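Commentary on secondary and tertiary structure
Here's the letter readout for the chains.
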Amino acid sequence: MDIRYSIFINKLEKQLSAYGDREGIIPVPTASIDLLIVDDEEIALKNLERIMHKEGYQVVTESSGERAFELLKVRRFDVVLTDLLLGSIDGLELMAEAKKKDAETEVIIITGHGSVDGAIEATKKGAFHYLQKPIRPDEVRSIVRQAVEKRRLARRVRDLEQKIGADFPDIIGNCPKIVSIKNLIRQISDSDANVLITGESGTGKELAARAIHQTSRRHEKRFLAVNCASLTEELLANELFGHEKDAYTGATQAKAGLLESAHEGTVFLDEVGDMSAAMQAKILRVVQEKELMRVGATTAIAVDIRIISATNKDLKALCAAGIFRQDLYFRLNVISMHLPSLSERIEDIPLLAAFFLKQSAKRAEKDIRGFSDQALSLLTTYGYPGNIRELENIIERAVALAKTELIKAEDLPHDLKDFHAFTFRRRTGNMKTLEEIEREYIQWVLGQVGHNKSEASKVLGIDRVSLYRKLKRTVFEE
Amino acid sequence: MVELKKILILFEDGKIRKESIAYGIELGRRMDCSLCVLMLMEGTEKGNSSIWESVLNGAIKTIDDEGIGAECGIRYGDKTSEFLKFLAVGPYPSAIVWGSNAGVITERGRKPGHWFTRVAENVGCPVVSPTIKKK
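Quick caveat: nothing in here was measured; it's all calculated off a predicted structure. All residue numbers refer to positions counted from 1 along the written sequence of the respective chain. Chains and ligands are labelled by the order in which they are written, letters from A for the one and numbers from 1 for the other. A pLDDT threshold of at least 70 governs which residues receive local features in this predicted model, and a stricter bar of 80 or more applies before side-chain atom pairs are shown or counted, although totals over entire chains, interfaces and linings include all residues. Remark: hydrogens and water are excluded; side-chain values derive from all non-hydrogen atoms of the structure.

Re the pattern of salt bridges
Residue and element names in this part refer to chain A. Heads up, the condition is: For salt bridges, the criterion is a side-chain nitrogen of Lys or Arg within 4 Å of an Asp or Glu carboxyl oxygen. Helix and strand definitions follow DSSP, with helices as H or I runs of at least four residues and strands as E runs of at least two, each counted in order from the N terminus. Only protein chains enter the accessibility calculation, which uses a 1.4 Å probe. A residue is then buried if its area is under 20% of the maximum for its type, exposed if over 50%, and partly exposed in between.
Following the criterion strictly, the structure yields 47 salt bridges over all chains and no others. Here Asp 39 ties to Lys 133 by a salt bridge, and the two come within 3.2 Å at their closest N and O atoms. Here Asp 39 is found in the loop between strand 1 (34-38) and helix 2 (42-54), whereas its partner Lys 133 is found in the loop between strand 5 (129-132) and helix 6 (137-164), with 94 residues between them in sequence. As far as burial versus exposure is concerned, Asp 39 and Lys 133 are alike and both buried. Between Arg 145 and Glu 55 there is a salt bridge, and its shortest N-O distance comes to 2.9 Å. Placement of Arg 145 in helix 6 and of Glu 55 in the loop between helix 2 and strand 2 (58-62) is noted, with a sequence separation of 90 residues between them. For Arg 145, a relative accessible area of 46% translates into the label partly exposed. Because the salt bridges share partners, they merge into one network encompassing Lys 101, Asp 192, Arg 217, Arg 218, Lys 221, Glu 264 and Asp 304.

Here it is, written out as structure tokens:
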């Protein structure tokens with residue numbers, strides 16, 4: 001074991017136990033280690049496979065450099081054991097591809113006589129070790145074990161750093177709902193599963209999506225935010241999927257779409273509930289088949305992206321109403337996260353107000369230190385239909401108007417001082433679908449008109465046939 | 001990224017509380033979004049539309065004078081179904097400001113039996129009812 005890693009791990013675990021987490025290091029079973037062996041000499045390949053298989057690793061072998069290269073494009077390995085000279089593709093190119101897929105993959109280079117210089121160069125470029133042919137079983141076992149251990153420790157360090165270090169500086173708040181959101185983000189940091197974030201406008205859905213991306217293994221790749229409601233369907237399709245040359249008038253050259261450019265990264269689809277049926281089908285293909293077609297293309301392009309989507313609509317209700325595809329809903333909603341409205345976390349308002357005050361005062365180059373009691377009281381009793389975004393705007397405006405080192409009531413918008421703004425919201429615990437509301441409403445109207453269906457259909461603004469169809473469905477379901 | 005796109009100010013039966021317009025304007029300005037004013041009238045049009053249109057135009061002028069984009073509409077018929085139809089066809093509002101009878105929604109609760117209180121809890125956005133504070 002590398003002594004530096006051991007010391008670092010010990011330090012991190014001490015810090016972690018101070019935070020109340022008593023979880024220890026759990027050795028990774030060798031059966032969960034994926035090993036790729038690449039050698040164009042069949043006998044050497046079989047020998048290595050036998051030795052590593054006995055060690056309990058999941059072994060994949062390849063005798064062709066080209067095939068191994070293709071395999072590394074789509075699959076991650078914990079350790080790659082490769083010959084340096086493989087024909088048209090060499091071990092260094094395989095190493096680059098393996099590390100492109102997963103920077104923590106350890107690569108061991110095997111060399112024949114006379115190619116030691118190349119092996120040393122490979123080590124300089126990031127190979128874990130090199131082995132000279134003929135391979136001695138004890139030596140290869142030992143080197144692979146060290147590589148596995150290094151990878152395990154690197155993973156563990158990352159996990160511990162995430163647990164104790166990053167506390168999501170952009171997600172402000174200590175209320176139980178926000179703490180559980182932060183915990184959920186940490187829990188899913190190792191996962192590649194799609195996430196659906198729900199919550200009212202201005203609750204910080206994009207911030208949460210960015211935090212999920214930042215803690216994931218994709219954090220070094222692109223985070224791409226797309227507002228599905230802001231573009232027309234054609235523009236959205238062109239922006240997301242790109243186009244081939246001559247796909248339409250004016251497409252003088254081929255262009256990669258945003259989804260393609262976010263390969264191995266994360267795509268944030270905001271207001272996903274506003275996507276058209278055609279766009280939903282295209283996105284489903286990306287999610288399901290992990291491939292996309294540029295506009296005007298005849299062949300698909302493979303993409304590896306994680307999709308985080310967000311909406312302030314009730315997607316389940318939209319599915320029930322046939323507006324949103326249920327298969328896409330299930331694919332997007334593997335992990336769901338609901339962000340509370342600001343009125344559900346009023347204990348965080350002073351903290352958030354102080355945070356925005358510091359930011360705005362710095363931007364405005366003003367020395368403002370806090371809020372008067374009256375101003376703080378107004379801020380904490382307001383309903384915030386626009387949530388955190390509205391609070392941020394109120395503070396920014398107050399900073400611009402403030403003449404002293406305290407924000408006073410008169411610096412706040414007049415409606416906060418002059419109006420009571422009673423705000424109420426849908427109860428999130430017992431939300432009804434549109435279908436349920438429709439059913440209840442039809443029953444209520446029928447009751448009001450003495451169960452006269454002609455009268456009821458007039459009140460409902462639908463024809464009698466539609467009313468009968470809806471009633472039939474209700475009876476059938478019941 | 002624009003968060004709040006549209007705020008709906010909702011009136012019924014020609015009753016308009018000025019504070020709801022003033023609050024809608026403030027909220028719209030604060031959130032950088034446009035306003036949509038909807039008047040729901042019980043029954044059929046019966047030639048009274050010009051009266052209600054002029055009432056609504058006055059509200060729109062006030063909003064326009066403040067430099068905020070606004071659109072308006074009057075719907076006749078059953079208020080609940082007209083309101084639900086309005087929500088179903090247009091872009092969903094990010095907040096609804098209730099602008100008529102202040103007693104419908106108060107700090108203590110909602111007026112039982114009123115059509116809006118039955119549906120308001122099921123709309124997917126915050127519903128605000130502004131009233132003037134007593135000095």
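A few points about helix 11 (residues 277-289) of chain A
All names here are of chain A. We count it as follows: Expected span, for any helix, means 1.5 Å times one less than how many residues it has. A contact between two residues is defined here by any heavy atoms of the two lying within 4.5 Å.
The end-to-end C-alpha distance of helix 11 is 18 Å, a good match for the 18 Å that 13 residues give at a rise of 1.5 Å each. Buried residues along helix 11 sit against helix 9 (233-241), helix 10 (258-261), strand 10 (266-270), strand 11 (291-292), strand 13 (306-311) and helix 13 (326-332). Lys 290 lies just past helix 11 and shows a positive phi near 55°.

Points about unusual backbone geometry
Glycine aside, the phi torsion of most residues is negative, and most peptide linkages are trans. All names here are of chain A. The residue after Lys 133, namely Pro 134, is reached through a cis peptide bond having omega 0°. In the Ramachandran plot, Tyr 384 falls in the positive-phi region, its phi being about 50° despite a non-glycine side chain. Along the chain, Tyr 384 turns up in the loop between helix 15 (373-381) and helix 16 (387-401). By relative accessible area, which is 0% here, Tyr 384 ends up buried. The backbone of Asn 387 shows a phi angle near 55°, a positive value even though the residue is not glycine. Inspection of the secondary structure puts Asn 387 in helix 16. The class for Asn 387 is buried, based on a relative accessible area of 0%.

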